[in-house]
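Results of the structural survey
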Amino acid sequence: MTENLPAQQQGEAKHKATRTVNRRKVIAAGSAVAAAAGLGLAATASADQVSGATETADSTGSASGSTSSTSAVCTLNAEVTEGPYSLEGALVREDIREDKEGFEVQYTFTVVDQADDCAPLADALVEIWHCDALGEYSGFVGGNGHEEEDNGTFLRGGQLTDENGQVSLISIWPGHYVSRAVHVHMRVHTDMTLTDDSYTGGEIIHTGQLFFDQDINTEIQATAPYTENTTQETLLEDDSIYDDGGASSGLLTLTALGSSVSDGYAATLTVGVNSA
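With an omega dihedral of 10 degrees, the bond running from Ala 224 to Pro 225 counts as a cis peptide bond. Within the fold, Pro 225 resides in the loop between helix H4 (214-221) and strand S12 (253-256). We note that Cys 118 has phi near 65 degrees; this positive angle belongs to a residue other than glycine. Cys 118 sits in the buried class, given a relative accessible area of 0%. In the Ramachandran plot, Leu 155 falls in the positive-phi region, its phi being about 60 degrees despite a non-glycine side chain.

Written as structure tokens, this is what we have:
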């Protein structure tokens, strides 16, 4: 599947655009328990169990509460397109917001390796990127009809997983753009070489997308600064990429950081990859 938008000119972006899609199979599942304490399950799950696991559960929640989803830690999934707005050479950093306004999202990802009985995968670069509140991607500003400064790096970046396979990233809740539900792009790299603030080389072993509870997102998109984006929004149920598979299809587990959506959310997901 491909996204329904023409790629825009990169302008003065600091990275080289690429649209290659790695077709490896991956395993992914998300739950607050898995992110916080499920590493034991991840370490003991076998590859044989992985091949037959299909159960998933959608997450539900509200602005003042949290969402939850449950499924086997190792659920075999097909990858999805990285879309037309990917760039090479992301900055290695925890906070990717730069000066972008929006509601904070604190991501925690746990990466497990199917090739090692779903044990935590250390030293993998987890990279994410997404549009800003106006639906614009750095390096491609103008694609959603807005004019703003484009430095080619805002809302893009990644961090290395620790010995527990975990990584934390801080960003804002994405806006929306024509033809797609609100989402975040993800890649997992191995064997790359770190530079002063980025990386070179390596192998992409997972390409996926992350999604948000529709009820919470509807409230956020109706709140400033997201209301400045007047383009039509696509609901999660109508998205061309999300297949209603819950956590195994990238649906994040969300926990409110306060009593208002403007206080932001913690978002967790366990992502399984095959490094073989």
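Our focus in this paragraph is the pairing of strand S3 (residues 104-113). Most of S3 sits inside the fold, with seven of its 10 residues counted as buried. The pairing of S3 with strand S7 (residues 166-172) spans seven bridges and is classified as antiparallel. Paired with Gln 106 across the strands is Ile 170, a residue of S7. In this structure, the hairpin formed by S3 and strand S4 (residues 119-120) is closed by a connection of five residues, where Asp 117 is found at a positive phi of approximately 55 degrees.

Grouped together as the largest cluster of nonpolar side chains are 37 residues, with contacts concentrated most on Tyr 107, Phe 109, Trp 173 and Leu 252. Broken down by secondary-structure element, the contributors of at least two residues to this core are S3, strand S5 (125-129), S7, strand S8 (183-190), strand S11 (203-211), H4, S12 and strand S13 (265-273). If near-sequence neighbours (up to four positions away) are discounted, Tyr 107 is found in contact with Ile 128, Val 167, Ser 168, Leu 169, Ser 171, Val 184, Phe 212, Leu 252 and Ala 267.

To continue, consider the environment of Gln 232. With respect to the helices and strands, Gln 232 occurs in the loop between H4 and S12. Sequence separation between Gln 232 and Arg 180 is 52 residues, and the spatial gap between their C-alpha atoms is 9.5 Å. Once residues within four sequence positions are removed from consideration, Gln 232 is found in contact with His 176, Tyr 177 and Val 178.

Our focus in this paragraph is a negative patch on the surface. The grouping of Asp 99, Glu 101, Glu 149 and Glu 228 at the surface amounts to a negative patch. Inspection of the secondary structure puts Glu 149 in the loop between S5 and strand S6 (156-160).

This brings us to the side chain of His 189. Positionally, His 189 belongs in strand S8. Of note is the side chain of His 189, whose polar atom sits 2.7 Å from the side chain of Glu 127.

Moving on, we come to the confidence of the model for the chain. Averaged over all residues, the pLDDT of the chain is 79; the fraction at 70 or higher stands at 72%. Counting contacts from residues 1-73, a segment whose pLDDT is below 50, to residues more than four positions away or on other chains yields 214 contacts.

This next bit is on the pattern of salt bridges. Inspection of the entire model under this criterion finds eight salt bridges. Note that Glu 98 and Arg 93 form a salt bridge whose closest N and O atoms lie 3.0 Å from each other. With its nearest N and O atoms 2.6 Å apart, the salt bridge here joins Asp 95 to Arg 97. Several salt bridges share partner residues, and in doing so they unite Glu 82, Glu 127 and Arg 187 into one network.

Parameters and conventions
Residues numbered from 1 in each chain as written. Predicted model: local features only at pLDDT ≥ 70, side-chain atom pairs only at ≥ 80, totals over all residues. Heavy atoms only, no water. Helix = DSSP H or I, 4+ residues; strand = E, 2+ residues; numbered from the N terminus. Buried < 20%, exposed > 50% of the residue type's maximum accessible area, 1.4 Å probe, protein only. Pairing = 2+ DSSP bridges. Core = buried A, V, L, I, M, F, W, Y, C linked by side-chain atoms within 4.5 Å. Contact = heavy atoms within 4.5 Å. Patch = residues over 30% accessible without salt bridge, like charges linked within 9 Å, V, L, I, M, F, W, Y side chains within 5 Å. Areas by Shrake-Rupley, 256 points an atom, 1.4 Å probe, with all protein chains shown as cover. Salt bridge = Lys/Arg side-chain N within 4 Å of Asp/Glu carboxyl O. Lys, Arg positive; Asp, Glu negative; His and termini not counted. Charge placed at Lys NZ, Arg CZ, Asp CG, Glu CD. Polar contact = N/O pair within 3.5 Å; in protein donor to acceptor, adjacent residues only side chain to side chain. pLDDT = per-residue confidence, 0-100.

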